[in-house]
Amino acid sequence: MKSSGVGRFSDRIALGVLTRAFPPELVDEVVAECGRVEQRTRLLPARVVVYFVLAMCLFFGQGYEEVARLLVQGLELEGRWATAWRVPTTAAIGRARLRLGPEPLRALFARVCRPVAVARTQGAWYRRWRLVAVDGTVFDVPDTAANAEFFGRPGTSRGPGRSAYPQARVVALAECGTHAVFAAEVGPLKVHDTVLARRLFPALTEGMLVLADRGFCGLDLWRAAKAGGADLLWRVRSTAVLPVAEPLPDGSYLSEIVARRDYHRRTDLERVRVIEYTLGPSGEDGTVYRLITTILDPDRAPARELAALYAQRWEIENTLDEIKNHQGIPGMVLRSQHPRGVEQEIFAFLLVHHALRDLMHQAALKAGHDPDRISFTRTLRIVRRHVTGQAALSPLTTGPVHHPEPA
């Protein structure tokens, strides 16, 4: 593929907004750290493949070759190609993805994806705590022998049958106020959410208040989550035994939790505070909600405020919905035919989502708004337009790259 002054397709590629979050120099660093630097010049060097996989998850539903066209469209519109050009074939792109593997995308996620709220970010804080939540979801993956063997399939509600698609399990930590995912793990379907969540808990630090639903329970998990100094506010099942050790003035009470293995002897106790409440003026739905928290002093966090605050846990479900049903499409099936490609693709989805949410946060700060007031779908459309309308990155250049400032 020839062009005047710029050489092959891999010499210049349109990336627009993506380079704001993932500068070429950083991409080169993680590629080198993961040992993916090429020994010979290729049509699709590792840097280009990283950006291609990101673009693939920005323009989900488009074929490989169409994604490549979208990336270089800006060059063609600006008249930078002297002759007609052709993009790499689908097979060539697939082989390049296999060479790259998931490690550079995972490393890039670890380097870039952090909580983004600052002190003046609206809706991101409760008193002194940064609100974060943990939750899990599953992604349908292509029905190949490799994916089925590694990830497994769920059962169906109709007899002994199995689902049409294998599923990958993903558990994530997200900042409630900005929807920024800052830690994630991918695993087979048979690995429980709590197992993957435990791998994420080193990302929890002092000053965070972590919200979780009834699926995340157990003394060992509780202790792992608070080990880094974070405070916790988790819902527990109605069947949990929580004896009243000390009533408190705000209607909550102190109690203890124990591991299931210690249920009868109760030799290893963990002190918690319990908040019980119902919804509606007189609890008309009949459900008693029970929360436990590490915040034992009601003056620091009154029971009524914590009960209202727990609704913020839904923000992580909204976050996962954005990734699967808006950045992706309803009923989405990932495109990767092999488990390593699935992991690569999932981390690319998370990276692109973080870039979008960081952009939305900056816009909200500038306008003095809560980030929730900015439309994710509209932002996604705008970013897609900018990616196809900007061009200036030289993927083969390892030094400073001069390019127009991304929007």
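Keep in mind it's a predicted model, so treat the numbers as computed, not measured.

1. Notes on the nonpolar core
Counting 86 residues, the largest nonpolar core has Phe-22, Leu-54, Leu-209 and Ile-346 as its most contacted members. If we skip the residues at most four places from it in the chain, Ile-346 touches Phe-139, Ala-168, Val-170, Val-186 and Leu-334. Grouped together as the second largest cluster of nonpolar side chains are 32 residues, Ala-197, Ala-212, Ala-259 and Ile-292 included.

2. What to know about helix α2 (residues 24-33)
Buried residues of α2: Pro-24, Leu-26, Val-27, Asp-28, Val-30 and Val-31, and no others. Summarising the contacts, the buried residues of α2 are in contact with α3 (46-58) and α6 (103-112). Gly-35 sits one or two positions beyond α2 and adopts a positive phi of about 70°.

3. A closer look at the pattern of salt bridges
Evaluation of the coordinates by the stated rule reveals 23 salt bridges. Here Glu-175 ties to Arg-130 by a salt bridge, and the two come within 2.5 Å at their closest N and O atoms. Separated by 45 residues along the polypeptide, Glu-175 in strand β3 (residues 167-175) and Arg-130 in strand β2 (residues 129-140) bring together distant segments of the chain. Relative accessible area serves as the criterion here: at 0%, Glu-175 is assigned to the buried category. On the basis of relative accessibility, which here comes to 17%, the residue Arg-130 falls in the buried class. Across the pair Glu-276 and Arg-290 runs a salt bridge whose closest N-O atoms are separated by 3.2 Å. Residue Glu-276 is located in strand β9 (residues 270-277), and its partner Arg-290 is located in strand β10 (residues 289-293); the two are separated by 14 residues in the primary sequence. A single salt-bridge network, built from bridges that share partners, covers Arg-106, Glu-185, Arg-199 and Glu-343.

4. What about empty space enclosed by the protein?
Scanning the entire structure with this criterion turns up two cavities of 30 Å³ or more. Of the pockets and cavities examined, the second largest cavity occupies roughly 30 Å³. Taken together, Val-17, Leu-18, Leu-58, Val-352, Ala-355, Leu-356 and Val-383 make up the full set of residues lining the second largest cavity. A per-element tally of the lining of the second largest cavity places helix α12 (residues 339-367) first, with three residues. The class makeup of the residues in the lining of the second largest cavity is seven nonpolar, no polar and no charged.

5. Some details on the packing of aromatic side chains
In the structure shown here, the tally under the stated rule is eight aromatic pairs. A centroid spacing of 5.6 Å and a plane angle of 55° characterise the contact between Phe-60 and Phe-349, whose relative ring orientation is tilted. Separated by 289 residues along the polypeptide, Phe-60 in the loop between α3 and α4 (64-77) and Phe-349 in helix α12 bring together distant segments of the chain. Here Phe-60 and Phe-349 have matching classes, each one buried. Residues Trp-222 and Trp-234 carry aromatic rings whose centres are separated by 5.2 Å and whose planes lie at 85° to one another, so their mutual orientation is edge-to-face. Separated by twelve residues along the polypeptide, Trp-222 in helix α9 (residues 219-226) and Trp-234 in strand β6 (residues 231-235) bring together distant segments of the chain. Three or more aromatic residues joined by ring pairs form one cluster here, namely Phe-201, Trp-222 and Trp-234. In this structure, Arg-313 packs its charged tip against the face of Trp-314, placed 5.1 Å from the ring centre. The ring of Phe-139 has Lys-324 sitting right over it, with the charged end atom 5.5 Å from the ring centre.

6. Examining the side chain of Asp-193
Relative to the helices and strands, Asp-193 is located in helix α8 (residues 193-200). Classification of Asp-193 by relative accessible area gives buried; the value is 16%. Setting aside residues no more than four positions away along its own chain, Asp-193 makes contact with Gly-136, Arg-169, Val-171 and Phe-216.

7. Here's the deal with the environment of Cys-57
Mapped onto the elements, Cys-57 comes out in helix α3. For the pair Cys-57 and Val-352, spaced 295 residues apart in sequence, the C-alpha separation works out to 7.1 Å. Ignoring any residue separated from it by four or fewer positions in sequence, one finds Cys-57 in contact with Gln-327, Glu-345, Ala-348, Phe-349 and Val-352.

8. Looking at unusual backbone geometry
Although it is not a glycine, Arg-127 adopts a positive phi angle of roughly 50°. Looking at where Arg-127 falls in the secondary structure, it is placed in the loop between β1 (125-126) and β2. Arg-127 gets classed as partly exposed once you look at its relative accessible area, which sits at 46%. Of note in this structure, His-179 is not a glycine but carries a positive phi near 65°.

9. A few points about the layout of surface pockets
The calculated volume of the largest pocket comes to roughly 720 Å³. Together, 29 residues line the largest pocket, and Cys-217, Gly-218, Leu-219, Val-258 and Arg-260 are the ones closest to its centre. Listing elements by their share of the lining of the largest pocket, those giving two or more residues are α8, α9, β6 and β8 (253-257). It is α9 that provides the largest number of residues to the lining of the largest pocket, a total of four residues. In terms of residue class, the lining of the largest pocket is made up of 16 nonpolar, five polar and eight charged. Space inside the second largest pocket adds up to approximately 440 Å³. Every element with two or more residues in the lining of the second largest pocket is listed here: β9 and α10 (303-309). It is α10 that contributes the most residues to the lining of the second largest pocket, four residues altogether. Tallied by class, the residues present in the lining of the second largest pocket amount to eleven nonpolar, three polar and seven charged.

What counts, and at which threshold
- Residues numbered from 1 in each chain as written.
- Predicted model: local features only at pLDDT ≥ 70, side-chain atom pairs only at ≥ 80, totals over all residues.
- Heavy atoms only, no water.
- Core = buried A, V, L, I, M, F, W, Y, C linked by side-chain atoms within 4.5 Å.
- Buried < 20%, exposed > 50% of the residue type's maximum accessible area, 1.4 Å probe, protein only.
- Contact = heavy atoms within 4.5 Å.
- Helix = DSSP H or I, 4+ residues; strand = E, 2+ residues; numbered from the N terminus.
- Salt bridge = Lys/Arg side-chain N within 4 Å of Asp/Glu carboxyl O.
- 1 Å grid on protein atoms, 1.4 Å probe; cavity = no way out; pocket = protein on both sides within 12 Å on 5 of 7 lines; lining within 4 Å.
- Points joined across faces, edges and corners; volume = space filled by probe spheres on them.
- Nonpolar A, V, L, I, M, F, W, Y, C, P; charged D, E, K, R; others polar.
- Phe/Tyr/Trp six-rings, centres within 6.5 Å; stacked < 30°, edge-to-face > 60°.
- Lys NZ or Arg CZ within 6 Å of the ring centre and 35° of its normal.

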